[in-house]
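Remarks on the overall topology
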Amino acid sequence: FCGETGFAAAHHHAPSNGFFVYYCFTHIAIDHEGNVGAVYRTRSGMNEKTTACGALAAFTNEIASKKLNLAFNEDDIEMSMLKKHIAKKTNLLADPESTPDLFKVTMAAYETITMDLERHVKHDAEKFKDRQYALFTGVQIHGPNGTDYCWLGKASLLIKGELSPLVLSANPSSQVQTGASTKSH
């Protein structure tokens, strides 16, 4: 959440041609047994399980404990705002009898990130009519043995204020493979 000011400031450091590409992905871990939320990252030198996303796992636990705190916290601004946005913009908390798991919270975060990015870009496009934007949102998946994958949830273009789906390729032999493994860092 860089906000309107941060978003505008970032554009002042960008090329003057007015072409922008945004990648906004939340993340989650799936271990070698298919369990969601934690994974061993032995290739990166970690010898114990690590959580992904740790912040969303903490939010999931907070919901499960029935002690959800949506008050603004100056010492944790980003998480405070993310929790409020998820609660306000998705139906994640609609059923007080149902406790969402980490997967559902991650998908709600993905939806929220997508809505916020689209809103910021549309606002920017009102001021700068010639700018063009490509938006990619989804979920990065940390798998076992140092594997990483990306689920591309949405790809869009914003040109002249119009948001439209981005078709990656009409040729099946050259289409980008979603879920393809990437090298670990």
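Presented here is an overview of the structure given in this document. Note that the structure is a prediction, hence the values are computed from the model and not measured.

**Details of the packing of helix 3 (residues 77–89) against helix 4 (residues 102–127)**
- It is the contact of helix 3 with helix 4, at a shortest axis distance of 9 Å, that shows an interaxial angle of 95°. Considering their axes alone, helix 3 and helix 4 lie roughly perpendicular with respect to each other. Contacts between helix 3 and helix 4 involve His85, Ile86 and Lys89 on the former and, on the latter, Ala108, Ala109, Thr112, Met115, Asp116 and Arg119.
- The residue inventory of the contact of helix 3 with helix 4, partitioned by class, reads 4 nonpolar, 2 polar and 3 charged.

**Examining the packing of aromatic side chains**
- For the structure on display, the rule yields 3 aromatic pairs.
- Each ring, one from Tyr110 and one from Trp151, has its centre 5.1 Å from the other, and the planes form 75°; the classification is edge-to-face. Within this pair, whereas Tyr110 is found in helix 4, its partner Trp151 is found in strand 5 (residues 148–159), the two being separated by 41 residues in sequence.
- Tyr110 gets classed as buried once you look at its relative accessible area, which sits at 11%.
- Relative accessible area serves as the criterion here: at 35%, Trp151 is assigned to the partly exposed category.
- Over the ring of Phe128 we find Arg131; its NZ or CZ atom is 3.7 Å from the centre of that ring.

**Some details on the side chain of Thr26**
- By the element assignment, Thr26 lies in strand 1 (residues 19–29).
- In this structure Thr26 comes out as buried when scored by relative accessible area, which is 7%.
- Aside from chain neighbours lying at most four places away, what touches Thr26 is Leu56, Thr106, Ala109, Tyr110, Ile113, Gly138, Val139 and Gln140.

**Some points on the pattern of salt bridges**
- The final tally for this structure, using the stated rule, is 6 salt bridges.
- For Lys49, the salt bridge goes to Asp31, with nearest N and O atoms at 3.2 Å. With a gap of 18 residues between them, Lys49 in strand 3 (residues 49–51) and Asp31 in the loop between strand 1 and strand 2 (38–40) connect regions that are remote in the sequence.
- The class of Asp31 is buried, set by a relative accessible area of 4%.

**Thoughts on a negative patch on the surface**
- A cluster of acidic side chains, namely Glu74, Asp75, Asp76 and Glu78, defines a negative patch on the protein surface.
- Looking at where Glu78 falls in the secondary structure, it is placed in helix 3.
- Among the residues examined, Glu78 registers a relative accessible area of 54% and is labelled exposed.

**Some details on the pairing of strand 4 (residues 132–142)**
- Burial of strand 4 is extensive: 8 of the 11 residues sit out of reach of the surface.
- Relative to strand 4, strand 1 runs parallel, the two sharing 11 bridges. Its bridge partner lying in strand 4, His27 is registered against Gln140.
- Sheet analysis places strand 4 next to strand 5, joined by 11 bridges and oriented antiparallel. Across the sheet, Gln132 pairs through a bridge with Ile159, a residue of strand 5.

Rules and cut-offs
- Residues numbered from 1 in each chain as written.
- Predicted model: local features only at pLDDT ≥ 70, side-chain atom pairs only at ≥ 80, totals over all residues.
- Heavy atoms only, no water.
- Axes fitted to C-alpha atoms, helices over the stretch in contact; angles between N-to-C directions.
- Helix = DSSP H or I, 4+ residues; strand = E, 2+ residues; numbered from the N terminus.
- Parallel < 35°, antiparallel > 145°, perpendicular 65-115°, else oblique.
- Contact = heavy atoms within 4.5 Å.
- Nonpolar A, V, L, I, M, F, W, Y, C, P; charged D, E, K, R; others polar.
- Phe/Tyr/Trp six-rings, centres within 6.5 Å; stacked < 30°, edge-to-face > 60°.
- Buried < 20%, exposed > 50% of the residue type's maximum accessible area, 1.4 Å probe, protein only.
- Lys NZ or Arg CZ within 6 Å of the ring centre and 35° of its normal.
- Salt bridge = Lys/Arg side-chain N within 4 Å of Asp/Glu carboxyl O.
- Patch = residues over 30% accessible without salt bridge, like charges linked within 9 Å, V, L, I, M, F, W, Y side chains within 5 Å.
- Areas by Shrake-Rupley, 256 points an atom, 1.4 Å probe, with all protein chains shown as cover.
- Lys, Arg positive; Asp, Glu negative; His and termini not counted.
- Charge placed at Lys NZ, Arg CZ, Asp CG, Glu CD.
- Pairing = 2+ DSSP bridges.

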